[in-house]
Amino acid sequence: MRKIFMQFASLLTSGSRGRHIMFKRVSLGILLAGVLSATAGVAQAGPPTGVTCGSLIEVPGQYFLIADCTGQGITIIASNVHLKLEGHTMTGLGILGLDGIFAVNVSHVHIQGPGTITNYGNGINFDGVTDSHVEQVSSTNNRRNGLRLNSTTDTHVNDNVFSMNTQEGVIVVLSSDNHVNNNRAIGNRYGIRVGDGSTGNKVNGNTALGNSIDLVDENPNCDNNKWNGNTFTTSFPPNCIR
């Protein structure tokens, strides 16, 4: 870096006005900008960080679950976080107030399986989250819900399994413009439930079977939520859920 700066400074102080010198100035300027940009990119990227049960994620970045673990869940209070479960299992203490993964007031959070979350209050709880993703996770045998979306918008929930949870496989509370697609909700009290006041959500291509009620929309005539291409046995109301 010092050598490039010295060469560039030398050219700037030269008395020549020739085209050859001007070409060198432009070329070295472009080279210098590229070196600075590459250096900044390396400084920002960093290696992925290992986390375990009970970890607090408060800095943006790439994270991974280092091994199977038991105990309190992982809390996310930073935006721009990508957490990979790497095929491991998180096992809670069976306490209602403890969530497997809890993200609050953040955006661009990506929870990626494969991996299993079990025996927590909520397997995954998104509260005030925007523009995020949950995919390929198995959230099973939790004391409340497999996944809870509360005051959450523009979040994609794809290709997960929510099974044998005491309440809902998926519950959507006061949330809008979310996409719940191609998931399996099996053996919960309610398979997928969209609560009153949650609008503009798209629930498509899911399989919900063996629940007390497979699919539920508490808004009159489903409001502007869209239910299409789902496989189920029971629904409420039956006229707008497909």
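Residues numbered from 1 in each chain as written. Predicted model: local features only at pLDDT ≥ 70, side-chain atom pairs only at ≥ 80, totals over all residues. Heavy atoms only, no water.

A. Broad picture of the sheet that holds strand β19 (residues 184–186). Judged by pairing direction, the sheet is parallel, and its eight strands sit side by side in the order β4-β7-β10-β13-β16-β19-β22-β25 without closing on themselves. Each end of this open sheet is capped by a strand with a single partner; those strands are β4 (69–70) and β25 (231–232). (Pairing = 2+ DSSP bridges. Helix = DSSP H or I, 4+ residues; strand = E, 2+ residues; numbered from the N terminus.)

B. Region of the structure containing unusual backbone geometry. The amide bond that connects G113 to the next residue, P114, takes the cis arrangement and shows omega of 5°. Tracing the sequence through the fold places P114 in the loop between β9 (109–112) and β10 (116–118). In this model, F236 is joined to P237 through a cis peptide bond whose omega is -10°. By the secondary structure assignment, P237 is in the segment after β26 (235–236). Of note in the backbone geometry, N119 takes a positive phi value of approximately 65° without being a glycine. Looking at the secondary structure, you find N119 in the loop between β10 and β11 (124–127). Non-glycine residue N141 carries a positive phi angle of around 55°. With respect to the element layout, N141 can be found in the loop between β13 (138–140) and β14 (147–150). Under the relative-accessibility criterion, N141 is labelled partly exposed at 43%. (Buried < 20%, exposed > 50% of the residue type's maximum accessible area, 1.4 Å probe, protein only.)

Treat this as a map of the structure, not an account of what it does.
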